[in-house]
Amino acid sequence: MSSPAGDVPERRGRVERGTKETSVLVEVNLDGTGQVEVSTGVGFYDHMLNQLGKHGLFDLIVKTEGDLHIDSHHTIEDTSIALGAAFREALGDKSGIRRFGSASCPLDEALAQVTVDLSGRPYLVHTEPAGMAPMIGPDYDTTMTRHILESFVAQAAICLHVHVPYGRNAHHIVEAQFKALARALREASEFDPRASGVPSTKGVL
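1. Here's the deal with the packing of aromatic side chains
Scanning all chains against the criterion turns up three aromatic pairs. Taken together, a centroid distance of 6.0 Å and an interplanar angle of 75 degrees make the contact between Phe58 and Phe87 edge-to-face. With a gap of 29 residues between them, Phe58 in the loop between α1 (43–56) and β4 (59–66) and Phe87 in helix α2 (residues 73–91) connect regions that are remote in the sequence. Looking at Phe87, the relative accessible area reads 3%, which means it is buried. Geometry around Phe191 places Arg11 over its ring, the cationic atom sitting 4.3 Å from the centre.

2. Brief notes about α2
Here α2 spans 27 Å end to end across 19 residues, near enough to the 27 Å set by a 1.5 Å rise per residue. In terms of burial, α2 is largely enclosed, as 15 of its 19 residues are buried.

3. Some words on the environment of Ser72
Looking at the secondary structure, you find Ser72 in the loop between β4 and α2. With sequence-adjacent residues up to four places away left out, Ser72 is seen in contact with Val42 and Asp139. A polar atom in the side chain of Ser72 sits 2.6 Å from the backbone oxygen of Asp139.

Conventions used here
Residues numbered from 1 in each chain as written. Predicted model: local features only at pLDDT ≥ 70, side-chain atom pairs only at ≥ 80, totals over all residues. Heavy atoms only, no water. Phe/Tyr/Trp six-rings, centres within 6.5 Å; stacked < 30°, edge-to-face > 60°. Helix = DSSP H or I, 4+ residues; strand = E, 2+ residues; numbered from the N terminus. Buried < 20%, exposed > 50% of the residue type's maximum accessible area, 1.4 Å probe, protein only. Lys NZ or Arg CZ within 6 Å of the ring centre and 35° of its normal. Expected span 1.5 Å × (residues − 1). Contact = heavy atoms within 4.5 Å. Polar contact = N/O pair within 3.5 Å; in protein donor to acceptor, adjacent residues only side chain to side chain.

This is the structure in structure tokens:
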């Protein structure tokens, strides 16, 4: 599989993270076709990671074993940390990329708007409708969505704004965010055919 730049190697990241609570392996190829193999033991989170790979056209492998006998928090958190670290590794020096990306994705009554800057500086702004259902399925606490994004942003070192101005169904609200995130990351990480070098007046991101 060739990268968009032709003679540039595929941009891949691989991270293994092990603690007393979890064991995580994440592999990502930014120049993939959306092939995803995910297993975290948390069904809805697996579904969201599938959205991220499919709509971002990232090849993604995620294998996590965690202390689900306690709850899903550590499993989701540590996977998100490893995912962010793998994404940052795959970006390399960011030479020739677009850097900025944005996407709006509807899912029935819900709308998610995402803007990203692959800036090298972690920052998150995140808003969701008030009064969301507390759980999706048996093991996904809806307050974890923000924590997933916080953990990803901290390790990927990106600036991310996620806004859901309206929506009723919690599943739709969260899924729209992951789809929009995927599309925004895809745009920001793609090569710009008119650009050369790092897209910053500082010369580094």
